[in-house]
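Residue-level listing of the chains:
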Amino acid sequence: MYLPGLAALLVAVVAGCSGGGGDGSAADPKPGGPTTATAAAPGKYRTLREPCGTVPRSMLQDLLPGAASLPEDQQAKVYEGTASVTYDTDRRVGCSWKADGTDASHQLMIDLERVVSYDPEVSDDDRAQDVYTQKETAAELPPPSTSSGSPSGTPGGSPPSTSGTGPANGTGTSASAGTSTGASAGTNPNTTTQTGSAASLAPSGGPSASPSETPPAEGLEPRVLDGLGDAAFLDDVLARSGSAAQHRTVSVVFRTSNVIVTVRYTEQPAFPALVPDSGELQDKAQALAKRLAEELDE
């Protein structure tokens, strides 16, 4: 027997049970509702300074001694530097200088990269540390020496790195040497690193001179640096290209918050028998790196 009244009552009961609790709240949160996850902290730096004006003229005069013999107008052009071509100057900037002297030619390059993380769970600083670590790994620094004669925390007794130091990958905006962000640049495959007695085989020419530091003296080897930014290392590469004189390149790379700075300083003597001095180049490169770190903190 069909009972219309009973059917209507059952429909009403079922509808009431599926409508939720008495307080009107749903059993599950609404799709797309707010979450409790917190985005990672942004980096300290939101922009970068103009690079060619960051190095004081007094330091450029010391780093580029060959410019002193030039006419005043040519000196001014050398000290102005050449800005690196980048696609976004808020993300990457660089500048380079070069001066040829009677005894040697010198090249200086600085590169500043502001790293930004696009992962909300990874901070800009953490991403910058990843990029810095890639650079340090590519430099293939020798392991710290266990010799008691080495200064504390300073590697000793190892030959200079042959890998060179270059900008790392991850946030690149330029294809030039001072502004690229591909894998760290290594030494030219057509060059050979002079170490130990190999340096004594350098062809003679010009005034007689014996190699001063090949490999670098203990304490001057490629190494991690303390007291510069949040992390830093120094690389020292002595190489020869063809029959040209040996050239030494000292690179100092450091990270401060989400900015990575590279200072690269190269000297090539005018005569093949001469070998650039590691200690002098390292001191000058580190002094400039410290100056740049101070300016970033201002």
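The text that follows walks through the structure, step by step, so that each part is easy to find. These numbers were taken from a predicted model, which means no experiment stands behind them.

**Considerations on the overall build of the protein chain**
Here's step 1: Looking only at helices and strands, the protein chain features 5 helices and 8 strands.
Here's step 2: Walking the protein chain from its N terminus toward its C terminus, one meets helices and strands in the order α-α-α-β-β-β-α-β-β-β-β-β-α.
Here's step 3: With 298 residues in all, the protein chain has 45% of them scored as buried.
Here's step 4: For the protein chain, the accessible surface area stands at approximately 15400 Å², while carbon and sulfur atoms represent 53% of it.

**Observations concerning the state of the cysteines**
Here's step 1: Evaluated as defined, the whole model comprises 1 disulfide.
Here's step 2: Here Cys52 pairs with Cys95 through a disulfide, and the sulfurs are 2.0 Å apart. The chirality of the disulfide connecting Cys52 with Cys95 is right-handed, given an S-S dihedral of about 100 degrees. With Cys52 in the loop between α1 (4-17) and α2 (57-63) and Cys95 in strand β2 (residues 92-100), this pair connects stretches of sequence that are 43 residues apart. Taken individually, Cys52 and Cys95 each receive the classification buried, so the pair is uniform in this respect.

**Thoughts on the packing of aromatic side chains**
Here's step 1: The tally for this structure, following the rule as stated, stands at 1 aromatic pair.
Here's step 2: For the pair Tyr132 and Phe233, a centre-to-centre distance of 5.8 Å together with 55 degrees between the ring planes defines the contact as tilted. Linking Tyr132 in helix α4 (residues 124-139) with Phe233 in strand β6 (residues 231-241), this pair joins segments that are 101 residues apart in sequence. Grouping residues by exposure puts Tyr132 and Phe233 together as buried.

**Quick look at the pattern of salt bridges**
Here's step 1: A complete count under the given rule lists 9 salt bridges for this structure.
Here's step 2: Across the pair Asp230 and Arg255 runs a salt bridge whose closest N-O atoms are separated by 3.6 Å. Highlighted residues: Asp230 in the loop between β5 (223-225) and β6 and Arg255 in strand β7 (residues 247-256), separated in sequence by 25 residues.
Here's step 3: A single salt-bridge network, built from bridges that share partners, covers Arg49, Arg291 and Glu295.

**Quick notes on the nonpolar core**
Here's step 1: Within the largest apolar cluster, 36 residues are counted, with the highest numbers of intra-cluster contacts made by Ile110, Phe254, Val263 and Leu288.
Here's step 2: In terms of residues, this core owes the most to one element, helix α5 (residues 278-297), which gives 7 residues.
Here's step 3: Aside from chain neighbours lying at most four places away, what touches Phe254 is Tyr132, Leu228, Gly229, Ala231, Ala232, Val259, Ile260, Val261, Ala289, Leu292, Ala293 and Leu296.
Here's step 4: Grouped together as the second largest cluster of nonpolar side chains are 10 residues, Ala128, Ala139, Ala231 and Phe233 included.

**Remarks on the environment of His106**
Here's step 1: Inspection of the secondary structure assignment puts His106 in strand β3 (residues 104-114).
Here's step 2: When the C-alpha positions of His106 and Thr266 are compared, they lie 5.6 Å apart, and in sequence the two are 160 residues distant.
Here's step 3: Not counting residues up to four positions away in its chain, the partners in contact with His106 are Leu63, Leu64, Pro65, Trp97, Lys98, Ala99, Tyr265, Thr266 and Glu267.
Here's step 4: At 3.0 Å, the side chain of His106 and the side chain of Glu267 are in polar contact.

**Side note on unusual backbone geometry**
Here's step 1: Positive phi is not limited to glycine here, since Glu140 has a value of about 50 degrees.
Here's step 2: By secondary structure assignment, the location of Glu140 is in the loop between α4 and β4 (191-193).

**Notes on helix α3 (residues 72-80)**
Here's step 1: Buried residues of α3: Gln75, Val78 and Tyr79, and no others. On an axial view of α3, the arc spanned by its buried residues comes to 95 degrees, and they lie on one face. Exposed side of α3, more than 90 degrees from the buried face: Asp73, Lys77 and Glu80 are the residues found there.
Here's step 2: In this structure, the buried residues of α3 make contact with α2 and β2.
Here's step 3: Positioned one or two residues after α3, Gly81 has a phi angle of 75 degrees, which is positive.

**What to know about the side chain of Thr86**
Here's step 1: Its place among the elements puts Thr86 in the loop between β1 (82-83) and β2.
Here's step 2: A polar atom in the side chain of Thr86 sits 3.0 Å from the backbone oxygen of Arg92.

The rules we used
Residues numbered from 1 in each chain as written. Predicted model: local features only at pLDDT ≥ 70, side-chain atom pairs only at ≥ 80, totals over all residues. Heavy atoms only, no water. Helix = DSSP H or I, 4+ residues; strand = E, 2+ residues; numbered from the N terminus. Buried < 20%, exposed > 50% of the residue type's maximum accessible area, 1.4 Å probe, protein only. Areas by Shrake-Rupley, 256 points an atom, 1.4 Å probe, with all protein chains shown as cover. Disulfide = S-S within 2.5 Å. Phe/Tyr/Trp six-rings, centres within 6.5 Å; stacked < 30°, edge-to-face > 60°. Salt bridge = Lys/Arg side-chain N within 4 Å of Asp/Glu carboxyl O. Core = buried A, V, L, I, M, F, W, Y, C linked by side-chain atoms within 4.5 Å. Contact = heavy atoms within 4.5 Å. Polar contact = N/O pair within 3.5 Å; in protein donor to acceptor, adjacent residues only side chain to side chain. Arc of directions from axis to C-beta.

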